Amino acid sequence: MTAMTKFFQSIRFRIALVFVLLMIIALELLGAFFVRQMEQQNLATFQQQITLPKYLTDQITTALRDKDTDTGNHQIQDVLSGLNNTNIQEAQVIDKNGTIRGTISVSGQQTIGQKTTDINAQKALAGDQSYLQTRTINEGGDRKELMTTPLGATNGRLKDIPGVIVVKASLSPVYKNINNVMKLFIIAGLVALIASIALALFLARTLTRPIEQINEQTTKIADGDYSMVNHIYGSDELSQLAMSVNELSMRIEESTETVNAERNRLDSVLTHMADGVLAANRRGEVTIINQAAADFVGVDREEALGKNVIDLLHLKNKRTLREMLENLDDFRVDLSDDSKDLLVQAYVSLIKRQSGFISGLVVVLHNITEQQRIDSERRMFVSNVSHELRTPLTSVRSYVDALAEGAINDPDMAQNFLGVVQDETQRMIRMINDLLELSRLDQGTMDVKLEVINLNSLFNFVLNRFDMILENDAKNDESPSKRYNILREFTKEDVWVEVDPDKFTQVLDNIMNNAVKYSPDGGTITARLIKTKTRAILSISDQGLGIPRKDLDNIFNRFFRVDKSRSRAQGGTGLGLAISKEVVEKFNGRIWVDSVENKGSTFYISLAYVDEVPEDDWDAE
């Protein structure tokens, strides 16, 4: 749209146009009235000017009544010759018989004595009241006034009049004056019109400028810019409107800031919520979704907007939108796929207006995958504890029943049975102690005494004890045991770590015991200690049967055993590695295993070391 088109469509042009049109109409009406009045006045004046004085008409009347026609004609001609009126072009005196008795026109002298052809004069002589006293005719493009005046009429009566006088006069001077006045009026009107246009534009500018400023301000308000303020210069309606718009702008800005703050707060809450939140309209189309919900359903937030909530939550053929709106009970949704296991609890609430109309719904998705896993592990833990305790208790009860039934009378059998009962009792005590220790770890009540120790010395101390056990078993020929070798590969640097020596020794004992139990006779157990840039890593490798790959993720679970029958026969509780994992993580460390079936396993422990060497170091000797 061009600037000219905008101008013609603007309110400024319309106001100026109305003002100018009103001015034109006023000038036209005034001009028409003025010209009409001036024409009537000029014509009336002109008629008075061409009307013969009464003394002349009396003389002509007397001459017409003279019985001597020639004498009368001479008198009439003398009267007409004495007229000194430049406006009169022609004057004829006609007697009651319609005969022309005199004229002032030189060329018309020959018409004297002839009958007149003037119909208007004939009507006047006949006493007809319908004749026109004055009439305008057009001769050769020149308008002329014909005035027929009865002579000797009494009280307006036309009966028995001696004659009439017909005066012809040109109206050119009258209309020339009128035209001159009209020209002046037109020039003055054009000047007034031009001035009115300029004044109208100025006044329109004065009126529309505040409106344009208000329009500009409202446009900026619509665009979110509230910086513009209209200046108030008066107290008229436009000034009051500008003041109201200023106040409206301020209130909208405050409301917008409040809404934006609340929206940002809500967005922040929704963004950082662990639970997924999504809102849908009455048709089920998603209008709001936070990142957690988008991650749950596996789509981008922008992609999720506009999708149907039933399709997004994979509820097709399971639940309809109407059922969600009518039944607000929470339900579970399985959002698992090939990459993850995910089970969420969905809580539905309605979005209602004050009228009670339901405009949408909000669905909160709570991840219960971990809770389900914990519940499953808890149930499995209870089952495992019950099973592990039931086995030794059943064994103890069986041997006690055998002793009660008479086996106690056989000294060798009784001694053997009591030994089995004692072993099973010790096994249950160890299991309960391990369970208590795990409970203290879970509750955070385990007494931990952190010290900065020399890891090299502590590791050697533990390995030395196993070497001593191996030597004692070798000297005791009556109770031969499994033979194994311990190979040490330690860094030459001292490694200092902050741990609880007793708890960490227990961890190393657990791993070493497993390595001894599952190593073949004559096998080699390799103990390593290395130092990286930030961590100390120790490892214990055996040459046993190894751990199947499917069991690697469960090896640190409570009561988990790869070879349950062999572990139970060797007195294991299935809690050692679980306790080791909890203790290492208590020291901000990490434990893991790498194993190849039928080749052996390697357990790794990673700890952060300290650079400063304490004055009183831990001495394992």
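Residues numbered from 1 in each chain as written. Predicted model: local features only at pLDDT ≥ 70, side-chain atom pairs only at ≥ 80, totals over all residues. Heavy atoms only, no water.

### Topic: the overall build of the chain
Turning to step 1, where the next piece is worked out: Per the secondary structure count, the chain includes 17 helices and 17 strands.
Turning to step 2, where the next piece is worked out: Out of the 621 residues belonging to the chain, those deemed buried represent 37%.
Turning to step 3, where the next piece is worked out: Restricting to contacts in the chain with at least 6 residues of sequence separation, those with at least 24 account for 60%.
Turning to step 4, where the next piece is worked out: Surface summary for the chain: the accessible area is close to 37300 Å², and the carbon and sulfur share equals 52%. (Helix = DSSP H or I, 4+ residues; strand = E, 2+ residues; numbered from the N terminus. Buried < 20%, exposed > 50% of the residue type's maximum accessible area, 1.4 Å probe, protein only. Contact = heavy atoms within 4.5 Å. Areas by Shrake-Rupley, 256 points an atom, 1.4 Å probe, with all protein chains shown as cover.)

### A closer look at the pairing of strand β5 (residues 163–170)
Turning to step 1, where the next piece is worked out: Counting buried positions along β5 gives seven out of eight residues, so the element sits mostly inside the fold.
Turning to step 2, where the next piece is worked out: By the bridge criterion, seven bridges tie strand β1 (residues 88–95) to β5 in an arrangement that is antiparallel. Within β5, the residue paired with A91 across the bridge is V167.
Turning to step 3, where the next piece is worked out: Judged from the eight bridges that link them, strand β4 (residues 142–151) and β5 form a sheet pairing that is antiparallel. Each residue of the ladder has a partner; that of K144, found in β5, is S170. (Pairing = 2+ DSSP bridges.)

### What about the sheet that holds β4?
Turning to step 1, where the next piece is worked out: Ordered by their spatial adjacency, five strands build an open sheet running β2-β1-β5-β4-β3, and the pairing between neighbours is antiparallel. Every other strand in the sheet has two partners, leaving β2 (100–103) and β3 (134–139) as the edge strands with one partner each. Strand-to-strand, the axes of this sheet are offset by a mean angle of 25°, without reference to chain direction. (Axes fitted to C-alpha atoms, helices over the stretch in contact; angles between N-to-C directions.)

### Examining the nonpolar core
Turning to step 1, where the next piece is worked out: Counting residues in hydrophobic clusters, the biggest one holds 44 residues, and the most contacted among them are L455, F459, V497, F504, M512, L538 and I605.
Turning to step 2, where the next piece is worked out: Excluding residues that lie within four positions of it along the chain, M512 makes contacts with V462, L463, F466, I486, I525 and I540.
Turning to step 3, where the next piece is worked out: Core analysis: the next-biggest nonpolar cluster, separate from the first, contains 28 residues, V297, V309, L335 and L361 among them. (Core = buried A, V, L, I, M, F, W, Y, C linked by side-chain atoms within 4.5 Å.)

### Concerning unusual backbone geometry
Excluding glycine, most residues fall at negative phi; most peptide bonds, likewise, are trans.
Turning to step 1, where the next piece is worked out: You will see that N588, though not glycine, has its phi angle at about 60°, which is positive.
Turning to step 2, where the next piece is worked out: Assignment of secondary structure puts N588 in the loop between α17 (576–586) and β16 (590–596).
Turning to step 3, where the next piece is worked out: Judged by its relative accessible area of 65%, N588 is exposed.
Turning to step 4, where the next piece is worked out: Even without being glycine, N598 reaches a positive phi, approximately 70°.
Turning to step 5, where the next piece is worked out: Within the secondary structure, N598 sits in the loop between β16 and β17 (600–608).
Turning to step 6, where the next piece is worked out: N598 sits in the exposed class, given a relative accessible area of 61%.

### So, the packing of helix α6 (residues 172–222) against helix α7 (residues 237–272)
Helix packing geometry: the angle between the two helix axes and the distance between the axes.
Turning to step 1, where the next piece is worked out: Two elements in contact, α6 and α7, have axes separated by 10 Å at closest approach and are oriented at 10°. In terms of axis orientation, α6 runs roughly parallel to α7. Residues L207, P210, I211, I214, Q217, T218 and I221 of α6 pack against L238, L241, A242, V245, N246, S249 and I252 of α7.
Turning to step 2, where the next piece is worked out: Of the residues in the contact of α6 with α7, the class split is 10 nonpolar, four polar and no charged. (Parallel < 35°, antiparallel > 145°, perpendicular 65-115°, else oblique. Nonpolar A, V, L, I, M, F, W, Y, C, P; charged D, E, K, R; others polar.)

### Some thoughts on the packing of helix α15 (residues 501–518) against α17
Turning to step 1, where the next piece is worked out: Between α15 and α17, the least distance of the axes is 9 Å, while the angle of their chain directions is 145°. α17 is crossed by α15, and the crossing has left-handed handedness. For the pair α15 and α17, contact is made by K503, Q506, V507, N510 and N514 and by G576, L577, I579, S580, V583 and V584, respectively.
Turning to step 2, where the next piece is worked out: Considering only residue class, the contact of α15 with α17 consists of five nonpolar, five polar and one charged. (Left-handed = near helix turned anticlockwise from the far one by under 90°.)

### Topic: the environment of K307
Turning to step 1, where the next piece is worked out: You can see K307 is positioned in the loop between α9 (301–304) and α10 (309–312).
Turning to step 2, where the next piece is worked out: K307 sits in the partly exposed class, given a relative accessible area of 34%.
Turning to step 3, where the next piece is worked out: With 23 residues separating them along the chain, K307 and G284 place their C-alpha atoms 7.9 Å apart.

### Re the sheet that holds strand β12 (residues 484–490)
Turning to step 1, where the next piece is worked out: An order of β12-β14-β15-β17-β16 is seen for the five strands of this open sheet, with the pairing classed as mixed. Each of the sheet's edge strands pairs with one partner strand only, and the pair in question is β12 and β16. On average, each strand axis in the sheet is inclined to that of its neighbour by 15°, with strand direction left out of account.
Turning to step 2, where the next piece is worked out: Direction of pairing for strand β14 (residues 523–531) relative to strand β15 (residues 535–541): antiparallel, over a ladder of six bridges. Bridging across to β15, I530 finds its partner in I537.
Turning to step 3, where the next piece is worked out: This element, α15, spans β12, β14, β15, β16 and β17 of the sheet and lies at about 170° to β17.

### Focus: the confidence of the model for the chain
Turning to step 1, where the next piece is worked out: Across the chain, the average pLDDT comes to 80, with 89% of residues at 70 or higher.
Turning to step 2, where the next piece is worked out: When the elements of the chain are averaged for pLDDT, helix α16 (residues 564–569) gives the smallest value, 46, and β15 the largest, 92.
Turning to step 3, where the next piece is worked out: Below pLDDT 50 for its whole length, residues 565–571 participates in 14 contacts with residues either more than four positions away or in separate chains.
Turning to step 4, where the next piece is worked out: Low confidence marks residues 617–621, where pLDDT is under 50. Its contacts with residues over four positions away, or in another chain, come to 13 contacts. (pLDDT = per-residue confidence, 0-100.)

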